[in-house]
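Given next are the chains, with one letter for each unit.
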Amino acid sequence: MVELEIMEEIETIGVLTSGGDSPGMNAAIRATVRTALAKGLKVKGIKKGWQGLLNEEIFEMEKHHVSDIIQRGGTVLGTARCPEFIQPEGQIKAAEICRRHQIDAIVAIGGDGTYRGALDLVRQGVVAICIPATIDLDIASTDYTIGFDTAINTAMEAIDKVRDTSSSHERCSIIEVMGRDAGYIALWCGVANGAEDILLPEHYDYYEQPLINNIIANRKTGKKHHIIINAEGIGHSDAMARRIEAATGLETRATILGYMQRGGNPTCKDRYYASVMGSKAIELLCEGKINRVVVYRNGQFDDEDITVALGMKKKIDDYEVEVSRLLSL
Ligand code: F6P
């Protein structure tokens, strides 16, 4: 009942992308804008995430603003990380700006940092709906996050290329992939690229002797390369390469894939999920469901309360880790 009363007041939505960009964000913006316009809502685009909201970088969005963007990487709205928004003063100011611009609800596209920002705004009386978009796949409430598929495919192709030259030179290669706290990209690429070792921030104990033993043992069986996928959260790939080379006597090189993993044209999967999730965000508002996050769980698009979603924990599946170890023997 309360939800419906609030809904009756929603005439204008604001849409923003925040935190690290991810391929497919544009498809999510497009779906959000098109669905909102189709439902008779006004749409205001907010540039550069929470920072842009505080700077009042706000403009009215029409259909043409989202033409020709579904295939593009990055985000046409821009994004930023915003320390000012972490402070209560920033949140109060942001809510005032929303009211002044007659923004009744914000659709925030991003990772869990974006969700926390949205919840801060909710506490200031602004309605919010979040859409999960991060290459890291580390949002607990959902099985899928927009951008993950593109990122792992970009990384996988790059790792295949490093593997070619690694074999030719009979080297050991450490390839560092993104993921500060979460090892999903490392795990998926490690398995898909047939890596000999996969280092996940969730499991790594910084003890290198097993790695060294593995490299020496594999070389004795005639393996021409040794691929180690290292997650960004563990890092120090260059120093690790130097230590491994000294300990094994094998030429060892580090390659840090870095931001290339966040760019590029989104895959079909990312465009599709982003499109459905963007549309769903507006459907939720139209059904009077507020302060929710869009999720994909158990094979279905669904939604969850934003506070509940932020309280959830996600953990890499032990069985998948076990499989990855078995296959890298
Ligand atoms: O967006 C996720 C992510 O790419 C992480 O994998 C990485 O740790 C982080 O963002 C890097 O953030 P920044 O763009 O601030 O360097």
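One can find the structure itself at the top, above this paragraph.
A quick note: this is a predicted structure, and the numbers were derived from the prediction, not measured. (Residues numbered from 1 in each chain as written. Predicted model: local features only at pLDDT ≥ 70, side-chain atom pairs only at ≥ 80, totals over all residues. Heavy atoms only, no water.)

*Asks:* I tried to follow the site of the ligand on my own but got confused; where do I start?
*Replies:* Near the ligand, the surroundings consist of Gly-20, Arg-81, Ile-135, Asp-136, Met-178, Gly-179, Arg-180, Glu-232, Tyr-259 and Arg-262. At 2.7 Å from an oxygen atom of the ligand is found a side-chain nitrogen or oxygen belonging to Arg-81. Taking Arg-262, its side chain carries an N or O atom lying 2.9 Å from an oxygen atom of the ligand. Expressed as a share of its isolated accessible area of 400 Å², the protein-covered part of the ligand is 84%. Considered class by class, the residues forming the shell around the ligand number three nonpolar, two polar and five charged. Each of domain 1 (2-147 + 266-311) and domain 2 (148-262) gives at least three residues to the shell around the ligand. (Near = heavy atom within 4 Å. Polar contact = N/O pair within 3.5 Å; in protein donor to acceptor, adjacent residues only side chain to side chain. Areas by Shrake-Rupley, 256 points an atom, 1.4 Å probe, with all protein chains shown as cover. Nonpolar A, V, L, I, M, F, W, Y, C, P; charged D, E, K, R; others polar. Domains from an automatic or database assignment.)

*Asks:* Looking at this model, I keep getting lost on unusual backbone geometry. Mind explaining?
*Replies:* Trans peptide bonds make up most of the peptide bonds, and negative phi angles are found at most residues other than glycine. Residue Glu-56 is not a glycine yet carries a positive backbone phi of 55°. Along the chain, Glu-56 turns up in the loop between helix H3 (49-54) and strand S3 (58-60). The phi dihedral of Asn-291 falls on the positive side, at around 55°, and the residue is not glycine. With respect to the element layout, Asn-291 can be found in the loop between helix H10 (268-286) and strand S10 (292-297). (Helix = DSSP H or I, 4+ residues; strand = E, 2+ residues; numbered from the N terminus.)

*Asks:* What exactly am I supposed to notice about the sheet that holds strand S8 (residues 226-231) here?
*Replies:* Adjacent strands of a sheet pair through backbone hydrogen bonds, lying either parallel or antiparallel. Pairing in this open sheet of four strands is parallel, and the strands run S7-S8-S6-S9 from one edge to the other. The sheet terminates laterally at strand S7 (197-199) and strand S9 (252-256), the two strands that pair on one side only. Geometrically, the sheet is characterised by an average inter-axis angle of 15° between neighbouring strands, direction not taken into account. Relative to the sheet, helix H7 (residues 184-192) contacts strand S6 (172-177), S7 and S8, its axis offset from that of S7 by approximately 175°. (Pairing = 2+ DSSP bridges. Axes fitted to C-alpha atoms, helices over the stretch in contact; angles between N-to-C directions. Contact = heavy atoms within 4.5 Å.)

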